[in-house]
Amino acid sequence: MARTAHQDDAWAAAFRDVPRSAFLPELMWPFDMGAGRSVAVSAAEEPAEWARCAAADVPIVTQWDDGEHVGDAPGTVSTSSASMPSVVVGMLRDLDVRPGHRVLEIGTGTGWNAALLAHRVGPRNVVTVEVDEAVAATARAALERFGAPVRVVRRDGLLGCAEAAPYDRTIATCGLRSVPFAWVEQSRPGAVIVAPWGTHFGNGDAVARLVVAADGRSASGAFTGPVEFMKLRAQRLPPVQHDAYVPRSVADGDESASAVTEERFVSGRFSAQQFALGLQVRDCCHVVAAKEDGARPVWFYGLTDRSWACAQFRDGARTRVWQQGPRRLWDETEAALRWWEGQGRPGFERFGLTVDAEGEWAWWGAPDRRVPDRRVRV
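What this report covers is the structure whose coordinates are included nearby.

Rules of the game
Residues numbered from 1 in each chain as written. Predicted model: local features only at pLDDT ≥ 70, side-chain atom pairs only at ≥ 80, totals over all residues. Heavy atoms only, no water. Helix = DSSP H or I, 4+ residues; strand = E, 2+ residues; numbered from the N terminus. Polar contact = N/O pair within 3.5 Å; in protein donor to acceptor, adjacent residues only side chain to side chain. Axes fitted to C-alpha atoms, helices over the stretch in contact; angles between N-to-C directions. Parallel < 35°, antiparallel > 145°, perpendicular 65-115°, else oblique. Left-handed = near helix turned anticlockwise from the far one by under 90°. Contact = heavy atoms within 4.5 Å. Nonpolar A, V, L, I, M, F, W, Y, C, P; charged D, E, K, R; others polar. Phe/Tyr/Trp six-rings, centres within 6.5 Å; stacked < 30°, edge-to-face > 60°. Buried < 20%, exposed > 50% of the residue type's maximum accessible area, 1.4 Å probe, protein only. Lys NZ or Arg CZ within 6 Å of the ring centre and 35° of its normal. Pairing = 2+ DSSP bridges.

## Details of the side chain of S258
Here is step 1: Within the element layout of this structure, S258 appears in strand β13 (residues 254-258).
Here is step 2: A distance of 3.1 Å separates a polar atom in the side chain of S258 from the backbone nitrogen of V260.

Encoded structure:
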């Protein structure tokens, strides 16, 4: 997804004429790639630095903690932002919007993405939905001030906007854990839906590009690459309370050993491996702890019961595993890893998603080849 706006001729004019800076607040928190953290930048106090960050290919947090945060220091949870321009242009490229298309956007944020869309199809053809009342009001004002008065609707994005349907294109600027069928119902046959999608196994997403079937009863398509977005509020995973799963000691679990090493399991932030494991080990999240004294524990928590597992990787030693509960989460994860390796370690683009009125399912290679579900109970 690391592609700049100027490398995509179809969007070059929009990115030139619709600067991100026109939609950013005076106080913002760009992500410092070198330091690995968000830092406060004020237009009043540091105008040159503010302008530099506004033009940089970095994500910028514009709200913390659903608006409850005060002060200049970063808050606890980032809840609204302006995405990296390279990610924005990548998703707009996947959307393949054409002049005259009617577009639904889920997640207005600053309003910048809606303004870019309006540049291509006209303000009257763009409807953007935002759940946060304050964010919606700020974006509406910015869009009107910029001369792109698109329709801003304040509601839960899961509902879409049926009163302005049907749409030729739908794009979500928030991470999903399930694509609502309402978006399919509000689309024309052949319409395209682009949305970051993933599982609770990790925080990462992949961009799903779905095409609505001719009969309008489903939408299906492959993933185009990894991203990471703030999650749709209705689908956020609440913080896992470790003590609720393991009130006493890891030794209370059933102990075993595994041949899986840290090097084989612990992968990068945008890893196709972790994405593939999450497709198979559903209703589970995992946390990779920091490495200390040559040991790194990885925890797994069931989201529909109190099943848990811990795999402790240690340099030069066999991996120790503890599991407890109705599910054996490490056994599921190890089976998922073996499957992914056995298929030749497929990347994101080999996987896809289908959505219909009954739900959704992930597939690999082709829509009729569902990814195995490793969930088992003992």
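Anyway, onward from the coordinates.
## Brief notes about the packing of helix α3 (residues 85-95) against helix α4 (residues 112-121)
Here is step 1: At a closest axis distance of 12 Å, the pairing of α3 and α4 adopts a crossing angle of 45°. By the angle between their axes, α3 is oblique relative to α4. Taken as a pair, α3 and α4 cross one another with a handedness that is right-handed. Here P85, V88, L92 and L95 of α3 come into contact with α4, specifically with W112, N113, L116 and L117.
Here is step 2: For the contact of α3 with α4, the class distribution of residues is seven nonpolar, one polar and no charged.

## Let's talk about the side chain of T128
Here is step 1: Relative to the elements of secondary structure, T128 occurs in strand β7 (residues 126-130).
Here is step 2: Here T108 takes part through its side chain, which lies 2.6 Å from a polar atom of the side chain of T128.
Here is step 3: Every residue in contact with T128, bar those within four places of it in the chain, is listed here: E105, G107, T108, A114, V150, R151, V152 and V153.

## What to know about the packing of aromatic side chains
Here is step 1: Tallied over the entire structure, the rule returns 19 aromatic pairs.
Here is step 2: Plain terms: the ring middles of F223 and F275 are 5.1 Å apart, the flat faces sit at 80° to each other, and that makes the pair edge-to-face. With a gap of 52 residues between them, F223 in strand β12 (residues 218-227) and F275 in helix α9 (residues 272-280) connect regions that are remote in the sequence. The pair F223 / F275 is uniform in exposure class, with both members buried.
Here is step 3: Directly above the aromatic system of W11 lies the positively charged group of R120, at a separation of 4.5 Å from the ring centroid.
Here is step 4: Here the basic side chain of R306 rests over the ring of Y245, its NZ or CZ set 4.7 Å away from the ring centre.

## What to know about the sheet that holds strand β9 (residues 167-172)
Here is step 1: Read across the open sheet, the nine strands follow the order β8-β7-β6-β9-β10-β11-β12-β18-β19; overall the sheet is mixed. Only two strands of the sheet have a single partner each, and these edge strands are β8 (151-154) and β19 (359-364). On average, each strand axis in the sheet is inclined to that of its neighbour by 20°, with strand direction left out of account.
Here is step 2: Pairing analysis gives six bridges linking strand β10 (residues 187-197) to strand β11 (residues 205-212), with the strands arranged antiparallel. Residue V192 lies in a different strand from β11, and its bridge partner there is V211.
Here is step 3: Strands β6 (103-106), β7 and β9 of the sheet are contacted by α4, whose axis makes an angle of about 170° with β7.

## Overview of the sheet that holds strand β17 (residues 319-324)
Here is step 1: On the basis of which strands lie adjacent, the open sheet formed by five strands has the order β13-β17-β16-β15-β14 and antiparallel pairing. Across the chains shown, the open sheet's two edge strands, defined by having one partner strand only, are β13 and β14 (284-288). Averaged over neighbouring strand pairs, the angle between their axes works out to 20° when direction is ignored.
Here is step 2: As defined by bridge partners, β13 adjoins β17 across five bridges and the pair is classed as antiparallel.

## A look at the pairing of β14
Here is step 1: Of the strand pairs in this sheet, β14 and strand β15 (residues 295-302) are connected by five bridges, and their pairing is antiparallel. Of the residues in β15, the one forming a bridge with C285 is Y301.
Here is step 2: In textbook terms, the turn of a hairpin is the stretch between consecutive antiparallel strands, and for β14 and β15 this stretch comprises six residues, one of which, D293, has a positive phi near 55°.

## Considering the pairing of β19
Here is step 1: Pairing geometry for strand β18 (residues 351-356) and β19, over six bridges, is antiparallel. Bridge assignment links F351 to a residue of β19, and that residue is W364.
Here is step 2: The antiparallel hairpin formed by β18 and β19 contains two residues in its connecting segment.

In short, geometric facts, not functional conclusions.
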